[in-house]
Amino acid sequence: MSTVAAHSTHDNPGDDHGHGLPFLAHHYDTPEQQFASAKLGMWIFLGTEILMFGALFCAYAVYRHNHPEIFLFAAENYLSTFWGAVNTCILITSSFTMAWAVRLVQINKIQPAVICLIITFCGGIGFMCVKGIEYEHKWKDHVFPGASNKYSKVYTGDATEKFQAIEAHGEIGAMEDGAVDPHGTTAVANTAQEHAAEAHIAAIEPVVVRPHDYLDPNANTPDAAKIQPNFNQVVGLSEALKHGTHVPEYKDMGKLDQDRVATFFSIYFLLTGLHGIHVLVGMALIAWVTIKTVGGNFGTVYYTPVEIVGLYWHLVDLIWIFLFPLLYLIH
Amino acid sequence: MEPTVTHLETRPVDLGKPQHHKIEAHAHAVPFRTLLFTFVALMILTMLTVASHEVDFGSANIWVALVIAFVKASIVALYFMHLRWDSPFNSIILVTSLLFVTLFLGAAITDSSEYQRNYTLPTAGAPVQQ
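How each quantity is defined
Residues numbered from 1 in each chain as written. Chains lettered and ligands numbered in written order. Predicted model: local features only at pLDDT ≥ 70, side-chain atom pairs only at ≥ 80, totals over all residues. Helix = DSSP H or I, 4+ residues; strand = E, 2+ residues; numbered from the N terminus. Buried ≥ 20, exposed ≤ 12 C-beta atoms within 10 Å, placed from the backbone. Contact = placed C-beta atoms within 7 Å. pLDDT = per-residue confidence, 0-100. Domains from an automatic or database assignment. Expected span 1.5 Å × (residues − 1).

**What about the overall build of chain B?**
Within chain B, the secondary structure is distributed over three helices and zero strands. In chain B, buried positions account for 19% of the 130 residues.

**Focus: the overall build of chain A**
Helix and strand counts for chain A stand at 10 helices and zero strands. By the burial criterion, 32% of the 331 residues in chain A qualify as buried. A separation threshold of at least 6 residues defines the contact pool for chain A, and within that pool the share at least 24 residues apart is 71%.

**Regarding the confidence of the model for chain A**
All names here are of chain A. Averaged over all residues, the pLDDT of chain A equals 77, while 64% of them reach at least 70. Note on residues 207-216: pLDDT under 50 across the span, and 17 contacts to partners over four residues away in sequence or across chains. In the predicted structure, residues 224-235 sits below a pLDDT of 50 and forms 24 contacts with residues beyond four places in sequence or in another chain.

**Observations concerning the domain arrangement of chain B**
Split into domains, chain B comes out as domain 1 (28-82) and domain 2 (86-113). A straight line from the C-alpha centre of domain 1 of chain B to that of domain 2 of chain B covers 20 Å.

**Quick look at the environment of Val306 of chain A**
Residue and element names in this part refer to chain A. Its location among the elements puts Val306 in helix 10 (residues 304-328). The exposure class of Val306 is buried, given the 25 C-beta atoms found within 10 Å. In this view, Val306 contacts Ala101, Val102, Val105, Val289, Thr293 and Phe298; residues no more than four positions away in its chain are not counted.

**A word on the confidence of the model for chain B**
Residues and elements named next belong to chain B. Scored by pLDDT, chain B comes out at a mean of 77, with 68% of its residues at no less than 70. Per-element confidence in chain B ranges from a low mean pLDDT of 91 for helix 3 (residues 88-115) to a high of 95 for helix 1 (residues 32-52). Confidence drops under a pLDDT of 50 for residues 1-11, and excluding neighbours within four residues, the segment shows 16 contacts in the predicted structure. Long-range and interchain partners of residues 119-130, a stretch whose pLDDT sits below 50, account for 19 contacts in this model, where long-range means more than four residues apart. Across the predicted assembly, pTM comes out at 0.72 and ipTM at 0.73.

**A short note on unusual backbone geometry**
Although it is not a glycine, Asn108 of chain A adopts a positive phi angle of roughly 70°. Note on placement: Asn108 of chain A falls in the loop between helix 4 (81-106) and helix 5 (110-140). With a phi close to 70°, His82 of chain B is a non-glycine residue in the positive phi region. Assignment of secondary structure puts His82 of chain B in the loop between helix 2 (61-80) and helix 3. Take His82 of chain B: there are 21 C-beta atoms within 10 Å of it, and that puts it in the buried class.

**Observations concerning helix 2 of chain B**
With 20 residues, helix 2 of chain B should cover 28 Å at 1.5 Å per step; its first-to-last C-alpha distance of 28 Å lies within 8% of that length. All buried positions along helix 2 of chain B are accounted for by Ala65, Ala69, Lys72, Val76, Ala77, Tyr79 and Phe80 of chain B. Residues of helix 2 of chain B that are buried in the fold lie against helix 4 and helix 10 of chain A together with helix 1 and helix 3 of chain B. One or two positions beyond helix 2 of chain B, positive phi appears at His82 of chain B, with a value near 70°.

**Observations concerning the environment of Gly276 of chain A**
Residues and elements named next belong to chain A. Tracing the backbone through its elements, the reader meets Gly276 in helix 9 (residues 255-294). C-beta crowding within 10 Å serves as the criterion here: with 19 such atoms nearby, Gly276 is assigned to the partly exposed category. Residues Gly276 and Ile110 lie 166 residues apart in sequence; the distance between their C-alpha atoms is 29 Å. The residues contacting Gly276, other than those within four sequence positions of it, are Met128 and Lys131.

Below is the structure:
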């Protein structure tokens, strides 16, 4: 039996205002009020966590609404239902042992409580190991975030020459000595050199650089009949999935499909990566609480940190309960 | 009259039954059987989720998965997170945040449906349409 209750009644009688509860802060009337306040504060924090993940789920929802074929492809080729289910079972079991640990601390069974907390921590380790196994497959195929960031492509091709010419000749019509033109921008060529530069720049064919040009295989195609609406464009992937023909591998796909798959994986890695970071933070909190429990700081009288860390761990489980069907079970 | 908290129970009390009305230093501990049944229910629902993946409900696929996920989440919140025995204010916080997430997603998806099909590429050389 723990002697936590005995400690709390005998330590520092001058500090507890005579109520024998050193953990009771002076601005609370009763331990129950303090406990309820701690829980309320934690729930407000959990509310903000739900809103944060809600934003990521919104990105998921919008992109899946617009490109269901990408999600189907990724779920079938990259997301293993087996490992997702294993992760779900690991997290649910660790939630169970966490809630059990809270109960055990409440009834002063400290030794079994520590064992439960350690099992919960191991559940977190198992979850991150499975996550590593899943991420490895994607790393090999170069579908990690950033791999497809080729924003510099906007400035390649026909646009480069014009941009380079503008940059090389400097600002046309600049005032001498760096003075500010009181009439606003007057890019008027003054010298013969600037006139020549202006003529050179004007001679380069103007190119309308649209933000999505680099995604569009039809860019710069003179034949108007070939140009189709970008988002409705018939691409190999959606056609293949619709007609059940051979679905290409990622490296064999058209550029447009590859970029869309890369966008999906940005969403995927942000969702599961942020969740993984939360798992790691939860593991650190559980380790801290376990050490304090072993040190005899908690018992029937005071167990608030165990309860609060438990709430955080259950939220991590909650988020995964929604992530699993949305990412892995798509057909 | 002395407040009751100065006389603390130092031996474990039978917490098998919820003790809502006694003011004491320790609050309600969830009975082990409740925790166990909650765990079993969650595992069964997980297996149900995976099994429902084998069946094709057409466009209702995602809704079936989400309904099961919602039931699982409710069980975790009510029993593991103690909301069933807590002050209802904690539940209000959870429900309110979920409400706002639903509003967010609903508005975003509705907006996507409105405009997505209307984009067309301008022909080469023509000014960009606004």
